[in-house]
Amino acid sequence: MMSVTLSCDNCVHYVYNEDYESYECLVSVDEDEYYSIVTGKYGSCPYYRNDDEYGVVKKQM
């Protein structure tokens, strides 16, 4: 199986869950879609959104 490097660390959907003391993705995908993401069909996660706080501030100026 080919794996794709996902940039989850700076994704807005990747949050810390205090109950489990670990990070998790909040995007709900079915098994087929998850398989497509992991095997590289998409090339990268289609739900990825950069968690760039400075980008939001730039738009407000």
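Keep in mind that this is a model prediction, so the values were computed, not measured.

**Observations regarding the overall build of the protein chain**
Line of reasoning, step 1. A count of helical and extended segments in the protein chain gives 2 helices and 2 strands.
Line of reasoning, step 2. Going residue by residue from the N terminus, the α and β elements of the protein chain occur as β-β-α-α.
Line of reasoning, step 3. Considering only contacts in the protein chain between residues 6 or more positions apart, those separated by 24 or more positions represent 55%.
Line of reasoning, step 4. When the accessible area of the protein chain is evaluated, it comes to approximately 5,500 Å², of which 49% is carbon and sulfur surface.

**Focus: the confidence of the model for the protein chain**
Line of reasoning, step 1. A residue-level look at the protein chain finds 75% of positions with pLDDT of 70 or above and a mean pLDDT of 77.
Line of reasoning, step 2. Strand β1 (residues 14–17) holds the highest mean pLDDT among the elements of the protein chain, 92, whereas helix α2 (residues 53–60) holds the lowest, 58.
Line of reasoning, step 3. A low-confidence stretch, residues 1–5 stays under pLDDT 50, and its non-local contacts, those more than four residues away or across chains, total 12 contacts.

About the thresholds
Residues numbered from 1 in each chain as written. Predicted model: local features only at pLDDT ≥ 70, side-chain atom pairs only at ≥ 80, totals over all residues. Heavy atoms only, no water. Helix = DSSP H or I, 4+ residues; strand = E, 2+ residues; numbered from the N terminus. Contact = heavy atoms within 4.5 Å. Areas by Shrake-Rupley, 256 points an atom, 1.4 Å probe, with all protein chains shown as cover. pLDDT = per-residue confidence, 0-100.

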